[in-house]
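Examining the three-dimensional arrangement
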Amino acid sequence: MLSIALAGKPNAGKSTFYQAATMAEVDVGNYPFTTIDANRGVTHVRTDCPCLDLQQRCGNERCHDGKRYVPVELLDVAGLVPGAHEGRGLGNQFLDELSNADVILHVVDAAGATDEEGEPVEVGEHDPLSDLDFIETELDLWLASIVDRNWESVERASRSPDFDLDEALVDLLSGVGASELDVSRALRELDHPEDPLQWADDHREALAEDIRQRTKPIVVVANKADIAPEENLQRLREAADAVVPATADGELALRKAAEGGVIEYDPGDADFEIVGDVSEQQQRGLERIREVMAEWGGTGIQEALDYAVYDLLDHITVYPVQDATHWTDGQGNVLPDAFLLPSGSTPTDLAYAVHSDIGDGYLHAVDAREDMRISDEQALEEGDVIKVVSTAN
């Protein structure tokens with residue numbers, strides 16, 4: 001399962017985002033370090049279900065009338081403050097928890113209502129742009145400290161006649177999510193000595209920054225967009241490559257209202273319908289959320305998750321089935337499973353994603369939409385429905 005981590009300074013709204021996205025009960029408070037221990041839960045990315053091409057919807061519990069929700073892990077950890085890589089606040093604990101995250105959502109208080117330490121201030125008093133760089137800087141310095149602490153082992157290994165720098169760095173960096181490809185590409189990009197004994201601090205810091213960019217891409221979530229000054233949102237969007245305006249409070253209110261039968265709303269919808277009795281105060285609150293949704297096309301919470309997985313990580317959703325005619329599994333369930341795979345994945349990759357035994361016994365695959373056998377090397381596409389034929393079936 002892909003892992004998405006929420007990062008940011010204290011009191012920026014990470015825990016509210018987490019609660020809204022998972023509907024799990026967590027501590028949410030208007031003070032720094034509300035979160036002490038990391039929260040791990042399951043949220044979902046949203047895509048169109050292939051059942052939209054059938055006469056009837058599939059009935060899967062993760063499909064809401066053709067809106068398919070695919071599970072991913074969501075991690076919420078303690079807030080970062082400047083100097084976190086040196087242990088300030090709960091920095092080391094936070095950074096270590098990020099090791100296995102595939103992508104990071106940097107939750108920023110776009111309203112400027114908290115200072116750099118997460119203490120409440122007046123709306124607009126703090127410049128949210130000053131919060132953008134320090135998260136990346138802390139991540140880079142944290143990773144550089146890991147490289148530095150373990151560099152002696154690389155130097156010792158370099159004395160061996162069969163020493164390979166790529167292999168040594170993969171051993172060193174695999175714990176933070178770096179692959180062989182990440183390391184080889186980083187070394188090709190960087191100007192560095194071949195002999196590890198000649199590496200200086202700036203070489204190790206450059207390596208750490210490159211690896212962090214490859215293994216921990218970042219989406220900025222401009223939270224509290226409902227109360228943020230318009231110029232703050234505009235400046236944030238100009239300053240970062242990927243920015244999603246959002247209101248975690250608004251999303252949480254909608255999720256709870258939908259759970260209580262007050263409104264009809266699916267995560268990621270651009271609007272909602274009031275179907276239950278509401279007080280005047282509730283009506284005003286819901287209408288305020290609706291105004292924000294009309295401006296941004298939704299609350300931004302689902303959009304941030306979807307952008308992280310489908311755009312930044314460049315993944316696709318593929319649906320394995322056993323019956324290519326009816327798109328069912330062995331029990332007759334229509335489109336029972338959905339797998340997130342990197343763009344460019346093949347039927348063989350799908351087979352291994354389903355189960356290692358299916359992959360080991362892979363024979364061929366059938367495109368269920370066309371009812372046609374396809375090449376083992378064909379790149380799968382978003383929404384493909386594939387029958388994998390294997391000796392392990």
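The structure displayed is predicted, hence computed values, not measured ones. (Residues numbered from 1 in each chain as written. Predicted model: local features only at pLDDT ≥ 70, side-chain atom pairs only at ≥ 80, totals over all residues. Heavy atoms only, no water.)

Focus: the sheet that holds strand β10 (residues 315-321)
Reading across from one edge, β11-β10-β14-β12-β13 is the order of the 5 strands in this open sheet, with mixed pairing throughout. With partners counted over all chains shown, the strands left at the sheet margins are β11 (339-342) and β13 (372-374), one partner each. Between one strand axis and the next, the sheet turns through 45 degrees on average, direction left out of account. Taken together, the 4 bridges between β10 and β11 define a ladder with antiparallel strand orientation. Across the sheet, residue V318 finds its bridge partner in β11, namely F339. Sheet strands touched by helix α10 (residues 301-312): β10 and β11. Its angle to β10, the strand with the most contacts, is close to 85 degrees. (Pairing = 2+ DSSP bridges. Helix = DSSP H or I, 4+ residues; strand = E, 2+ residues; numbered from the N terminus. Axes fitted to C-alpha atoms, helices over the stretch in contact; angles between N-to-C directions. Contact = heavy atoms within 4.5 Å.)

Structural notes on unusual backbone geometry
Excluding glycine, residues mostly carry a negative phi; peptide bonds, for their part, are mostly trans. Located in the positive-phi region is M23, a residue other than glycine, with phi close to 55 degrees. Mapping M23 onto the fold places it in the loop between α1 (14-22) and β2 (39-48). Taking the relative accessible area as the measure of exposure, M23 reaches 27% and is therefore partly exposed. Even without glycine at this site, D314 takes up a positive phi of about 55 degrees. On the secondary structure map, D314 appears in the loop between α10 and β10. A relative accessible area of 40% places D314 in the partly exposed class. (Buried < 20%, exposed > 50% of the residue type's maximum accessible area, 1.4 Å probe, protein only.)

Focus: the environment of A308
Examined against the element boundaries, A308 turns out to sit in helix α10. When the C-alpha atoms of A308 and I4 are compared, they prove to be 8.1 Å apart, with 304 residues separating the residues in sequence. Beyond its immediate sequence surroundings of up to four residues, A308 is in contact with V103, L105, V219 and L313.

Some remarks on the environment of E209
Looking at the element boundaries, E209 is found in helix α6 (residues 201-215). Distance from E209 to H192, taken between C-alpha atoms, is 14 Å for residues 17 residues apart in sequence.

Brief notes about the pattern of salt bridges
Using the criterion set out here, one finds 19 salt bridges in the structure. A salt bridge links E73 to R40; its shortest N-O distance comes to 3.1 Å. With E73 in strand β4 (residues 67-76) and R40 in strand β2, this residue pair connects regions lying 33 residues apart in the sequence. In this structure, R369 engages D53 in a salt bridge whose closest nitrogen and oxygen atoms are separated by 2.5 Å. Placement of the pair is R369 in the loop between β12 (362-367) and β13 and D53 in the loop between β2 and β3 (63-64), with a sequence separation of 316 residues. A relative accessible area of 34% places R369 in the partly exposed class. (Salt bridge = Lys/Arg side-chain N within 4 Å of Asp/Glu carboxyl O.)

Comments concerning the pairing of strand β1 (residues 3-7)
Within β1, 5 of the 5 residues are buried, leaving the element largely enclosed by the surrounding structure. With burial as the criterion, each face of β1 is covered, one bearing S3, A5 and A7 and the other bearing I4 and L6. Of the pairings in the sheet, the one linking β1 to β4 comprises 4 bridges and is parallel in character. Counted as the bridge partner of S3 is E73 from β4. Note: β1 against strand β5 (residues 103-109), 4 bridges, orientation parallel.

A word on the confidence of the model for the protein
Averaged over every residue, the pLDDT of the protein is 91; residues scoring 70 or more account for 92%. Overall, residues 29-36 carries pLDDT values under 50, and its contacts beyond four positions in sequence, including any with other chains, amount to 24 contacts. (pLDDT = per-residue confidence, 0-100.)

Quick word on the state of the cysteines
Taken as a whole and assessed by the stated rule, the structure comprises 0 disulfides. The cysteine C51 is free of any disulfide, with C49 supplying the nearest cysteine sulfur at 3.5 Å. As a non-bridged cysteine, C58 has C63 as the owner of its nearest cysteine sulfur, 3.7 Å distant. (Disulfide = S-S within 2.5 Å.)

Here we look at α10
In an α-helix, one turn spans 3.6 residues, which is why side chains three or four residues apart end up on the same side. The terminal C-alpha atoms of α10 lie 16 Å apart, and with 12 residues this matches the ideal 16 Å at 1.5 Å per residue to within 8%. Every buried residue of α10 is accounted for by I301, Q302, A304, L305, D306, A308, V309 and Y310. Taken from the residues just after α10, D314 is the one with a positive phi, measuring 55 degrees. (Expected span 1.5 Å × (residues − 1).)

Structural notes on the nonpolar core
Generally speaking, a soluble globular protein has its nonpolar side chains buried in company with each other. F17, L105 and L335 are the most contacted members of the largest nonpolar core, which has 41 residues in total. Among the secondary structure elements, those contributing two or more residues to this core are β1, α1, β4, β5, β6 (218-223), α10 and β10. Among the elements that make up this core, the one with the highest residue count is α10 (6 residues). Split by domain, this core shows at least three residues from each of two domains, domain 1 (3-38 + 77-136 + 217-309) and domain 2 (315-390). One finds L98, L143, A178 and I211 within the second-largest nonpolar core, a separate group that totals 34 residues. (Core = buried A, V, L, I, M, F, W, Y, C linked by side-chain atoms within 4.5 Å. Domains from an automatic or database assignment.)

What about the environment of L335?
The residue L335 is located in the loop between β10 and β11 in this model. Once the C-alpha coordinates of L335 and K224 are considered, the two residues, 111 residues apart in sequence, prove to be 37 Å apart. Residues contacting L335, with those up to four places away along its chain left out, are C49, P50, C51, C58, N60, R68, Y319, V321, W327 and V385.

A closer look at the packing of aromatic side chains
Given two aromatic rings, their pairing is described by the distance between the two centres and the angle made by the two planes. A complete count under the given rule lists 1 aromatic pair for this structure. Geometrically, the ring pair formed by W151 and W199 is tilted, given 4.8 Å between the ring centres and 35 degrees between the ring planes. Placement of W151 in helix α3 (residues 132-157) and of W199 in the loop between α5 (180-189) and α6 is noted, with a sequence separation of 48 residues between them. Comparing W151 with W199, the two get one shared label, buried. Over the aromatic face of F272 sits the side chain of R290, whose NZ or CZ is 4.2 Å from the ring centroid. (Phe/Tyr/Trp six-rings, centres within 6.5 Å; stacked < 30°, edge-to-face > 60°. Lys NZ or Arg CZ within 6 Å of the ring centre and 35° of its normal.)

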